[in-house]
Amino acid sequence: MSEPFSVPVTVRGYETDVQGHLNQSVYLNYAEHARWSLLQAAGISQSALVGTGVGPVALETIIRYRRELLAGDEVEVTCAFEWGGGKTFRIEQTVRKTDGTVAAEITGVGGLMDLKARKLVADPQEYFRKLAADPEVFGL
């Protein structure tokens, strides 16, 4: 298996809490940034995706905090889609410091919602495959 897609992020001081470590909600922002960066790398813009009448939805998110992050820490945020059958897919993400220390592991379940019907589409994998200039970024 190839390395998962990743983006670099620097922890900014204003993202930290009173104890000086990265605020818990910011991990979700980092994960979201990596997911949209993956879509862009695959050749899918947000406007193009919504223009097809679908939008991504988060159905479940689990964050496992492993080590604290402090202002100035440099991290890589990975993103790998896992496809099964049906209307949903899994996204596995890791926030890792440059020394290899895992700061957090994020597992999500998502889908693509038909924006008019307000229901999940039957085969999100096929939508991504058709829209992507480089579907391999998705593992397709």
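Higher on the page you've got the structure.
Along every chain, residues carry numbers that run from 1 in the direction the sequence is written. Under the rules for a predicted model, residues below a pLDDT of 70 receive no local features and side-chain atom pairs below 80 are neither given nor counted, while totals for whole chains, interfaces and linings still include all residues. Here the side-chain values reflect all heavy atoms present in the structure, with hydrogen atoms and water set aside.

Caption draft 1: How the structure looks around the overall build of the protein. Scanning the protein from N- to C-terminus turns up three helices and six strands. Taking the principal axes of its C-alpha atoms as reference, the protein extends roughly 45 × 30 × 25 Å. Looking at the 140 residues of the protein, the share that counts as buried comes to 35%. Looking at the protein as shown, the accessible area adds up to about 7800 Å², and 50% of this sits on carbon and sulfur atoms. For helices the rule is a DSSP run of H or I covering at least 4 residues; for strands it is a run of E covering at least 2, with both sets numbered from the N terminus onward. In this scheme, a residue with accessible area under 20% of its type's maximum is buried, one over 50% is exposed, and one in between is partly exposed, where area comes from a 1.4 Å probe on protein chains only. Note on areas: Shrake-Rupley with a 1.4 Å probe; residue coverage comes only from the protein chains shown.

Caption draft 2: Region of the structure containing the pattern of salt bridges. One side-chain nitrogen of Lys or Arg within 4 Å of one carboxyl oxygen of Asp or Glu is enough to make a salt bridge. In the structure shown here, the tally under the stated rule is eight salt bridges. Residue D73 is joined to K97 by a salt bridge in which the shortest nitrogen-to-oxygen separation is 3.8 Å. Taken together, the residues span a long stretch of sequence, with D73 in the loop between strand 2 (54-65) and strand 3 (74-83) and K97 in strand 4 (residues 88-97) at a distance of 24 residues. For D73, a relative accessible area of 16% translates into the label buried. For R129, the salt bridge identified is with E126, shortest N-O distance 2.9 Å.

Caption draft 3: Seen up close, the pairing of strand 3. Burial analysis of strand 3 places seven of its ten residues in the buried class, the great majority of the element. Sheet topology note: the strand 1 (residues 5-10)/strand 3 ladder contains six bridges and is antiparallel. Bridge pairing in strand 3 places S6 opposite T78. Strand pairing is assigned whenever DSSP detects at least two bridges linking the two strands. Where strand 3 lies against strand 4, seven bridges are found, and the strand directions are antiparallel. Bridge pairing in strand 4 places F81 opposite I91.

Caption draft 4: The arrangement of the environment of G86 in detail. Here G86 is to be found in the loop between strand 3 and strand 4. Relative accessible area serves as the criterion here: at 45%, G86 is assigned to the partly exposed category. Put simply, G86 and N23 are 63 residues apart on the chain and 34 Å apart in space, counted from C-alpha to C-alpha. The contact rule is simple, with two residues in contact once any of their heavy atoms fall within 4.5 Å. When neighbours within four sequence positions are excluded, G86 is seen to be in contact with A122, D123 and P124.

Nothing here speaks to function; it is all geometry.
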